[in-house]
Amino acid sequence: MVVKGFDTSVIMAVTSLLVPIIGAFMAITPYLMRRGEVFAVTVPTSEQGDPFVRGLKRRYALIVGAATAVLTLAGFACAAAGNEGGVMGVLIVGSLALTAGGYALMLVFRSKMVAYKDARGWVADVQESVAVVGEQPVPHAISLKWNLLYLPVMAVTFAVGAIGYAHMPDMIPMHMGLDGTVNEWTEKTPLILWMPMLIQGFLALCFTFSHWSIARSKKWAEPGAPATSALAYGLFARAQSIYLVASGLVLAVVMIAMPLSFANAISMGQAAVFVMVAVFVLCVGGMAVSLVYGQAGSRVFKRMQTSDRLFVDDDRYWKFGVFYCNPDDASLFLPERFGVGWTPNWARPAVWVIVVGGAVATAAFVFALSIVT
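Residues numbered from 1 in each chain as written. Predicted model: local features only at pLDDT ≥ 70, side-chain atom pairs only at ≥ 80, totals over all residues. Heavy atoms only, no water.

### Structural notes on the overall build of the chain
Quick reminder of the rule: Think of it this way: any DSSP run of H or I at least four residues long counts as a helix, any run of E at least two long counts as a strand, and we number them from the N terminus. Here, two residues are considered to be in contact whenever any of their heavy atoms come within 4.5 Å of each other. Exposure was quantified through the Shrake-Rupley algorithm and a 1.4 Å probe, taking into account, for residues, occlusion by the shown protein chains and nothing else.
Tallying secondary structure elements over the chain gives nine helices and eight strands in all. At a minimum sequence separation of 6, the contacts of the chain that also span at least 24 residues come to 74%. Carbon and sulfur atoms form 69% of the exposed surface of the chain, whose accessible area is close to 18000 Å².

### Some details on the environment of Gly269
Of note, Gly269 is situated in helix α8 (residues 268–293). Residues Gly269 and Thr181, spaced 88 residues apart in sequence, show a C-alpha to C-alpha distance of 9.7 Å.

### Considering the side chain of Asp315
In plain terms, the rule: Exposure classes here rest on a 1.4 Å probe applied to the protein chains alone. A residue is buried below 20% of its type maximum, exposed above 50%, and partly exposed in between. Here a polar contact means two N or O atoms within 3.5 Å. Within protein one must be a hydrogen donor candidate and the other an acceptor candidate, and residues neighboring in sequence count only if both atoms are side-chain atoms.
Relative to the elements of secondary structure, Asp315 occurs in the loop between α8 and β5 (318–319). On the accessibility criterion, Asp315 (17% relative accessible area) is buried. At 2.6 Å, the side chain of Asp315 and the side chain of Thr42 are in polar contact. Of the polar contacts made by the side chain of Asp315, one reaches the side chain of Arg337; its length is 2.9 Å.

### What about unusual backbone geometry?
We note that Asn264 has phi near 65°; this positive angle belongs to a residue other than glycine. When its relative accessible area of 53% is taken as the criterion, Asn264 is described as exposed. Of note, the phi angle at Ala296 is positive, near 60°, even though the residue is not glycine. One can find Ala296 in the loop between α8 and β5. On the basis of relative accessibility, which here comes to 0%, the residue Ala296 falls in the buried class.

### Some thoughts on the environment of Ile354
Following the sequence through the fold, Ile354 ends up in helix α9 (residues 349–372). Overall, the relative accessible area of 26% leaves Ile354 in the partly exposed class. C-alpha separation for the pair Ile354 and Pro344, spaced ten residues apart in sequence, amounts to 10.0 Å.

### Focus on the nonpolar core
Let me state the cut-off plainly: By nonpolar core is meant a set of buried Ala, Val, Leu, Ile, Met, Phe, Trp, Tyr and Cys residues that side-chain atoms within 4.5 Å join together.
The biggest cluster of nonpolar side chains holds 36 residues, and the ones touching the most others in it are Met168, Ile192, Met195, Ile199, Tyr233 and Phe262. Of all elements in the fold, only α4 (150–164), β3 (171–176), α5 (195–215), α6 (226–254), α7 (257–262) and α9 reach the threshold of two or more residues within this core. Once residues within four sequence positions are removed from consideration, Phe262 is found in contact with Met168, Pro169, Ile172, Pro173, Met174, Ile192, Met195 and Pro196. Ala27, Val38, Phe39 and Met113 belong to the second-largest nonpolar core, a separate cluster that totals 19 residues.

### So, α4
Defined as follows: To estimate the expected span of a helix, subtract one from its residue number and multiply by 1.5 Å. By arc we mean the arc of the directions from the helix axis to the C-beta atoms, nothing more.
End to end, α4 covers 21 Å across 15 residues, agreeing with the expected 21 Å (1.5 Å per residue, within 8%). Within α4, burial applies to Tyr150, Val153, Met154, Thr157, Gly161 and Gly164. Within α4, the buried residues cover an arc of 100° as seen down the axis, which keeps them to one side. In α4, the exposed residues that point more than 90 degrees away from the buried face are Leu151 and Ile163. Buried residues belonging to α4 abut α5, α6 and α7.

See the structure below:
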């Protein structure tokens, strides 16, 4: 069975657009970080305008941007030629090259920043911490109760599958290549009705956990501007949690296309287009949120008070710039140092319990999926 025409063209085009999104986000990452951090190195907030600092950021963006442009052109060329293998190869190799290469380049520039920091003598005289107290409450992530919306979506999905079950063929197509050729089938059984719900349930689990980690994260408040930075972080956390819930629900709703394709109400190609377009839109939306707020709200108030002093320096707790290990910090999660989002405190035993639990949940999901298909 082959699904040809517009559907496969859209799938290839959207797939080719994922690499430039990943690359663009990597290229602008240094400009989204908090004012007191440059390539995962703590610096005085007033030094963001330092020529050396600005030059490093510009070089990073140009190198990653150039690599992104080359990979993007290769992906578009493969898509125009209808080369499925080429499109997937560029997506996989390009994504890995940009993320791994971008991180490796960050480490190179981080070493330059460490040397420059030592040369300039930027040392924290006193390790200051702050607590924000005010009449107005600081914004925070939205309630976890919003994740209950997954339940009605899952119920609707099951109902659609149950209604369309009688119209499903004896052998149901399960997977196709980018060229539209179906290369995997499964026998029709009542268990097939649970497949979309399993995927939705796993998505709900992942997105709800991410939402919970935002709510439980260590709050950022800059000693030089505690009230303003705490407000900025609160707005950032609220926006990210809203985006997270909305993204998960959009993906869950799109999964309704799966039982519709099983019942031949829509083609498998159309179902794939719905999913790919949704993923693309959500990726663009995530980048937009990051551009507006910056990491931990750093772009919300661009004119926050700056200082030549280094109030706090916790570089020693950040291994390779991105892995936070501080046994004296009770926080399980905290804002990332290079990237937009949150990262765990790997020195806390509870984090490793969570990691193992996530691995078990993933294995259980894969096993359950193999049973229903």
